[in-house]
Amino acid sequence: QVQLVESGGGLVQAGGSLRLTCVASGRTFSSYVMGWFRQAPGKEREFVSAISWSGDSTHYAEPVKGRFTISRDNTKNTVYLQMNSLKPEDTAVYYCAADLPEAVVSGVAGYWGQGTQVTVSS
């Protein structure tokens, strides 16, 4: 099975940056993609970004395009989300997910991290 652990969240002022990290352990598969979702209070969990195992394919939700960058280091079983030009509306709990591509993008990934809080003040 796969265990995912996120870190890197915190409090930042608008316009600032944070880098989230997700470390995968246990049995993983090269066919899996990894992605990030976020959930704000009173809102449904929403897709943020995803990346293929090779890193040659990435996807971003429209609100974060041009500001967030997803990457992965397979030697460390780690995926990153670099978040720049943060806005108050980016405030949410961010979750790492892993599964086959269709499952991740649709929000029904089989494996999820515990979440890390990102708070952007203005």
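The coordinates are above.
Since the structure is predicted, the reported quantities are computational estimates derived from the model, not experimental observations.

Rules used throughout
- Per-chain numbering applies: the sequence of each chain, read as written, is numbered from 1 onward.
- Only residues with pLDDT of 70 or above have their local features reported here, since the model is predicted, and side-chain atom pairs are shown and tallied only from 80 upward, although totals for entire chains, interfaces and linings are computed over all residues.
- Only hydrogens and water are set aside; all other atoms, that is, all heavy atoms of the structure, feed into the side-chain values.
- Note on conventions: DSSP H or I runs of at least 4 residues are helices, E runs of at least 2 residues are strands, and numbering of each starts at the N terminus.
- Computation of the radius of gyration draws on C-alpha atoms, with the globule rule given as 2.2 Å multiplied by the number of residues to the power 0.38.
- Buried, partly exposed and exposed residues are distinguished by accessible area as a fraction of the type maximum, computed with a 1.4 Å probe on protein chains only: under 20%, between the cut-offs, and over 50%, respectively.
- The accessible surface values rely on the Shrake-Rupley method and a 1.4 Å probe; as for residues, cover is taken only from the protein chains in view.
- Charge assignment in this entry is limited to Lys and Arg as positive and Asp and Glu as negative, and neither His nor the chain termini are counted.
- Working definition for charges: the position is that of NZ of Lys, CZ of Arg, CG of Asp or CD of Glu.
- In this description, the term disulfide denotes a pair of cysteine sulfurs within 2.5 Å.
- What counts as a salt bridge is simple: a side-chain nitrogen of Lys or Arg found within 4 Å of a carboxyl oxygen of Asp or Glu.
- Nonpolar cores are built from buried Ala, Val, Leu, Ile, Met, Phe, Trp, Tyr and Cys residues. Side-chain atoms within 4.5 Å join them into one set.
- Between any two strands, at least two bridges found by DSSP are needed for them to pair.
- The axes are straight lines fitted to the C-alpha atoms, using for helices just the contacting stretch, and the angles between their N-to-C directions are given from 0 to 180°.

Visitor: It is not clear to me how the overall build of the protein chain should be interpreted in this structure. Could you clarify?
Guide: In terms of regular secondary structure, the protein chain is built from one helix and eleven strands. Element order for the protein chain, N to C, with α for helix and β for strand: β-β-β-β-β-β-β-β-β-α-β-β. In summary, the protein chain has a C-alpha radius of gyration of 13 Å against a globular reference of 14 Å for 122 residues, a match within 12%. Every one of the 122 residues in the protein chain was classed for burial, and the buried ones make up 42%. Approximately 6,300 Å² of the protein chain is accessible, and the part contributed by carbon and sulfur atoms is 49%. Here the protein chain holds 10 positive side-chain charges and 10 negative ones, and the gap between their average locations is 4 Å.

Visitor: Just to check I follow, could you spell out the state of the cysteines for this structure?
Guide: One covalent bond between the sulfur atoms of two cysteine residues makes up a disulfide. Applying the stated criterion to the full structure yields one disulfide. Between the sulfur of Cys22 and that of Cys96 lies a disulfide, 2.1 Å long from S to S. Since a negative S-S torsion denotes a left-handed disulfide, the Cys22-Cys96 link at about -85° is left-handed. One end of the pair, Cys22, is in strand β3 (residues 18-26); the other, Cys96, is in strand β9 (residues 92-99), and 74 residues separate them in sequence. Accessibility assignment for this pair places Cys22 and Cys96 in one class, buried.

Visitor: Can you help me understand the pattern of salt bridges in this one?
Guide: Opposite charge on two side chains permits them to pair, given that their charged atoms come into close proximity. Scanning all chains against the criterion turns up four salt bridges. Among the salt bridges present, the one from Glu46 reaches Arg38, with a minimum N-O distance of 2.7 Å. Notably, a salt bridge pairs Arg67 with Asp90, separated by 2.7 Å at the nearest N-O pair. In this pair, Arg67 is assigned in the loop between β6 (58-60) and β7 (68-73) and Asp90 in the loop between β8 (78-83) and β9, connecting sequence segments 23 residues apart.

Visitor: Just to check I follow, could you spell out the nonpolar core for this structure?
Guide: Here is a general trend for soluble globular proteins: nonpolar side chains tend to be buried in one another's company. If you look at the biggest cluster of nonpolar residues, it comprises 26 residues, and the most contacted ones within it are Leu4, Trp36, Leu81, Met83 and Tyr94. Of all the elements in the fold, those that place two or more residues in this core are β1 (2-7), β3, β4 (33-39), β5 (46-51), β7, β8, β9 and β11 (116-121). Val33, Phe37, Val104 and Ala109 belong to the second-largest nonpolar core, a separate cluster that totals six residues.

Visitor: Hey, could you run me through the sheet that holds β8 in this one?
Guide: Backbone hydrogen bonds are what pair the strands of a sheet, in a parallel or an antiparallel way. Taken together, four strands build an open sheet; the order of strands is β1-β3-β8-β7 and the sheet is antiparallel. Each edge of the open sheet is held by one strand with a lone partner, namely β1 and β7. Within this sheet the neighbouring strands show an average axis-to-axis angle of 15°, counted without direction. As paired strands, β1 and β3 are joined by six bridges and run antiparallel to one another. By the bridge assignment for β3, Val2 is matched with Gly26.

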